[in-house]
Amino acid sequence: MEIKSKKLLILYATQTGNALDAAERIAREAERRACLVVIRSTDEYDASFLPEEDAVIFVVSTTGQGDTPDSMKVFWRFLLQRNLGSHWLEGVHYAVFGLGDSGYQKYNFVAKKLDKRLSDLGATAVVERGLGDDQHPSGYEAALDPWMSALWSRLYEIKPNFFPEGPNFLVPNVELIDRPKFQVTYHNIDKMDSQLSSATDFEYLEMQIGRAYSMYAGKVSHEKCKPDAFLQMIKNFPLTRVSHEKDVRHLEFEFVTQVVQYEIGGVLEVLPSQNPAAVDSFMHRCNLDPESFITIHPRELENHHLDNNVNTLEVPIKLRTFVELTMDVASASPRRYFFEVMSFFATAEHEKERLQYFASPEGRDDLYQYNQKERRTVLEVLEDFPSVQMPFEWLVQLVPPLKKRAFSISSSPLAHPDQVHLTVDVVSWTTPFKRKRRGLCSTWLASLSPEQRIYIPVWFHKGLLPPPPPSLPLILVGPGTGCAPFRGFVEERAAQSLSCSIAPVILFFGCRNEENDFLYRDFWLSHSQNDGVLSEAKGGGFYAAFSRDQPQKVYVQHKMQEQSQRIWNLLREGAAIYVAGSSTKMPSDVMLAFEEIMSKESEAPRESAARWLRSLEKAGKYHVEAWS
């Protein structure tokens, strides 16, 4: 009889790093119970070995509109093979924890379909799947804590060999605190290497980003280290009135490096620049030498995930440069584990007690009020607990990574061959304690001027709105900054109309006031006149809803109802629907409006209209890109 591994396998699929955080938390809790753990990303594990596992914990996020993370796509395709059969995973026990956002229609869709597929293949669930929700005040951890408690209890009943010391044994935290995941090596370097000294400015920045990212590879495994291109800003002007509460900007950039052939509907990721004063304060607070040269490697610990692609011959990088490019010290809030580790390095007793309370299940709600709700930064937390001196190895592991910010591209390469345009809402808000907060990347971009000639590192990705052929009729719904990608769509159709015939396009736009936040007003109106793409002469149309300009609120779905017949006629001609904007209520409200229109115009029951909409989705003719 085959003896299966007594190591608990944890497989994670992450897009932004949150699922990795959760997987590492589960791994730590398992190790505290003397359970041997192997943790892997789904793109680093051969799915054909699943039948040989004793038990597997899956931690998976849902991206976009119910999509699997990039790192899970190959793994998921393997599981969908028809030849695997309903007994393929017989004898394998599993548990699934999902990370999602209930503001989206397909909330935690990946976790739900993975759970069903594993069951269909014969695997046995240890506990009911757990579903973490970004919308919850405490984030996904609100669901993770009780789910883990049930997991350990049930897993011990089924597989006691995982816990050789029994279900109630806990390794003292002080033993685990000596084992950060990363090892930092300091180097004596008198002068810069010749490769850097001969580089141009953007080549130098590209090499520095490549070095920093290669050392930080454990954070998000599928990252491309080097940017796809560098851009420089050539225009920056407001789209909203200066007195308006919102500040939305139109930004234009040109390529400094080789032009990337992007598509309309695509996404541009930007690596923001951190405030130099904040980085200086972090260095000073943590007693770090910004001029020292370092290399960073994952520690070779048996129970921790190792990235086999990590280059052990990295060229050293300045400590300050590494922090600037990879560690979000003055924007993101730290995770709960940050407070737990801080408690071990606190020398003041009252600080130690408060940190231990914050890290406990009982203190979770108070930690939420102090940390997440106030959006306290790493630097602010460290300054609130002055007796704490954390080793840099722990800071590398626990400070949230500096994430690239994604923006919908609002230009067409046919209209602007060497440029990329963005529509950026400058994020700002006030916390419950009346502290002003600003989004890191949007504020930085809005502050730039063309005269500065700043090099901006960017990465291009396909978005959730695939480019339509010119012969396909389009129904576009884009309230607020949701109109951004459709500016590119209209530009593209206008360029295509010079060389071929184009199908009709109708666009529904919405904002609060015609005078204050009618984004791209002149652009839309010019294309809706004089045989433009959105003109009635071309079978098109442009319809704007101004929600606050009259006593009764008017939204895009009301304008859609007014054009019920036109929408129905276009759908009968095979039109595709594209929806973009806020993920709160808008996508579901718009879908309900389409249901009502289809039901009314076809004189069919609502259920039939809903089925038709689902068939449009499956046929690739109903696309949604939403953001929170």
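What counts, and where the lines are drawn
- Residues numbered from 1 in each chain as written.
- Predicted model: local features only at pLDDT ≥ 70, side-chain atom pairs only at ≥ 80, totals over all residues.
- Heavy atoms only, no water.
- UniProt positions renumbered as here; feature names shortened; annotations may be inferred.
- Helix = DSSP H or I, 4+ residues; strand = E, 2+ residues; numbered from the N terminus.
- Buried < 20%, exposed > 50% of the residue type's maximum accessible area, 1.4 Å probe, protein only.
- Contact = heavy atoms within 4.5 Å.
- Polar contact = N/O pair within 3.5 Å; in protein donor to acceptor, adjacent residues only side chain to side chain.
- Phe/Tyr/Trp six-rings, centres within 6.5 Å; stacked < 30°, edge-to-face > 60°.
- Pairing = 2+ DSSP bridges.
- Axes fitted to C-alpha atoms, helices over the stretch in contact; angles between N-to-C directions.
- Expected span 1.5 Å × (residues − 1).
- Left-handed = near helix turned anticlockwise from the far one by under 90°.
- Parallel < 35°, antiparallel > 145°, perpendicular 65-115°, else oblique.
- Nonpolar A, V, L, I, M, F, W, Y, C, P; charged D, E, K, R; others polar.
- Domains from an automatic or database assignment.
- Buried area = accessible area lost by both parts, 1.4 Å probe.
- Salt bridge = Lys/Arg side-chain N within 4 Å of Asp/Glu carboxyl O.

### Considering the UniProt feature "domain: Flavodoxin-like" (unreviewed entry) in the protein
Step number 1: Listed under "domain: Flavodoxin-like" (unreviewed entry) in the UniProt record, and renumbered for this structure, are residues 8–152.
Step number 2: As annotated, residues 8–152 comprises 32% helix and 22% strand, and the C-alpha atoms at either end are separated by 12 Å.

### Overview of the environment of Pro504
Step number 1: With respect to the element layout, Pro504 can be found in the loop between α16 (484–496) and β19 (505–511).
Step number 2: For Pro504, a relative accessible area of 18% puts it in the buried group.
Step number 3: For the pair Pro504 and Lys600, spaced 96 residues apart in sequence, the C-alpha separation works out to 22 Å.
Step number 4: Discounting residues that sit within four places of it in the chain, Pro504 has contacts with Leu472, Pro473, Leu474, Arg493, Lys538, Gly539, Gly540 and Leu570.

### Details of the side chain of Arg437
Step number 1: Relative to the helices and strands, Arg437 is located in strand β16 (residues 436–438).
Step number 2: The exposure class of Arg437 is buried, given its relative accessible area of 14%.
Step number 3: Separated by 3.1 Å, the side chain of Arg437 and the backbone oxygen of Arg375 make a polar contact.

### Some points on the packing of aromatic side chains
Step number 1: Inspection of the entire model under this criterion finds 26 aromatic pairs.
Step number 2: Seen from their ring centres, Phe97 and Trp147 are 5.3 Å apart, and the 50° between their planes marks the pair as tilted. Here Trp147 lies in helix α4 (residues 141–158) and Phe97 lies in strand β4 (residues 93–100), a separation of 50 residues in the sequence. As far as the burial class goes, Phe97 and Trp147 line up, both buried.
Step number 3: Look at Phe255 and Phe460: their rings are 5.9 Å apart centre to centre, the planes differ by 20°, and that puts the pair in the stacked class. Residue Phe255 is located in strand β9 (residues 248–255), and its partner Phe460 is located in strand β17 (residues 456–461); the two are separated by 205 residues in the primary sequence. Assigned by exposure class, Phe255 and Phe460 land together as buried.

### Here we look at the sheet that holds strand β22 (residues 622–627)
Sheets are built from strands paired through backbone hydrogen bonds, the pairs being either parallel or antiparallel.
Step number 1: Read across the sheet, five strands follow the order β20-β19-β18-β21-β22 without closing on themselves; strand pairing throughout is parallel. If you trace the sheet from one side to the other, it starts and ends with β20 (541–546) and β22, each paired once. Neighbouring strand axes in the sheet, compared pairwise and without regard to direction, differ in orientation by 10° on average.
Step number 2: The pairing of strand β18 (residues 474–477) with strand β21 (residues 576–582) spans four bridges and is classified as parallel. Within β21, the residue paired with Leu474 across the bridge is Ala576.
Step number 3: Where helix α20 (residues 586–602) meets the sheet, its contacts fall on β18, β21 and β22, and the angle it forms with β21 comes to roughly 150°.

### Some remarks on α20
Step number 1: Compared with the 24 Å implied by 1.5 Å per residue over 17 residues, the 24 Å span of α20 between its first and last C-alpha is a close match.
Step number 2: Looking at α20, one finds that the buried residues are Met586, Pro587, Val590, Met591, Ala593, Phe594, Glu595, Ile597, Met598, Ser599 and Glu601.
Step number 3: Contacts made by the buried residues of α20 are with β18, α18 (556–562), α19 (564–572), β21, α21 (606–618) and β22.
Step number 4: After α20 finishes, the residue Glu603 shows a positive phi value of roughly 55°.

### Quick notes on the packing of helix α1 (residues 18–32) against α4
Step number 1: It is the contact of α1 with α4, at a shortest axis distance of 11 Å, that shows an interaxial angle of 35°. As for the relative orientation of α1 and α4, their crossing is right-handed in sense. Listed contacts from α4 to Ala22, Arg25, Ile26, Glu29 and Ala30 of α1 are Glu141, Leu144, Asp145, Trp147, Met148 and Trp152.

### Observations regarding the packing of helix α8 (residues 276–285) against helix α9 (residues 319–326)
Step number 1: Between α8 and α9, the shortest axis-to-axis distance is 11 Å and the interhelical angle comes to 120°. On the basis of their axis angle, the class for α8 and α9 is oblique. In terms of crossing hand, the pair formed by α8 and α9 is right-handed. Seen from α8, the contacting residues are Pro276, Val279, Asp280, Phe282 and Met283; seen from α9, they are Leu319, Arg320, Val323 and Glu324.
Step number 2: Each residue belonging to the contact of α8 with α9 can be placed in one class, and the counts come to six nonpolar, no polar and three charged.

### Things to note about the pairing of strand β2 (residues 37–41)
Step number 1: Among the five residues that make up β2, four are buried, leaving the element largely enclosed by the rest of the structure.
Step number 2: Relative to β2, strand β1 (residues 8–13) runs parallel, the two sharing five bridges. Note on β2: the bridge partner recorded for Leu9 is Val38.

### Concerning the domain arrangement of the protein
Step number 1: Along its sequence, the protein is organised into domain 1 (8–174), domain 2 (182–398) and domain 3 (474–626).
Step number 2: Taking the mean C-alpha position of each, domain 1 and domain 3 sit 39 Å from one another.
Step number 3: In this assembly, domain 1 packs against domain 3 so that about 520 Å² is buried in total across both faces, 43% of it on carbon and sulfur atoms.
Step number 4: On the domain 1 side of the contact with domain 3, Gln65, Tyr104 and Gln105 bury the most area, a combined 73% of that side's loss.
Step number 5: Summed over the shared surface of domain 1 and domain 3, the result is one salt bridge.
Step number 6: Close ionic contact of Glu617 with Lys106 constitutes a salt bridge, the shortest N to O distance being 3.9 Å.
Step number 7: On inspection of domain 1 and its partner domain 3, the count reaches zero residue pairs in polar contact (both at pLDDT 80 or more).
Step number 8: Here the residues of the side of domain 1 that touches domain 3 sort into one nonpolar, three polar and one charged.

### Comments concerning the sheet that holds strand β14 (residues 419–425)
Step number 1: Pairing is antiparallel in the open sheet, where six strands are placed in the order β13-β10-β17-β8-β9-β14. Looking at the sheet topology across the chains shown, the edges are occupied by β13 (405–408) and β14. Between one strand axis and the next, the sheet turns through 40° on average, direction left out of account.
Step number 2: As judged from the four bridges shared by strand β10 (residues 267–270) and β17, these two strands associate in the antiparallel manner. Each residue of the ladder has a partner; that of Glu269, found in β17, is Trp459.

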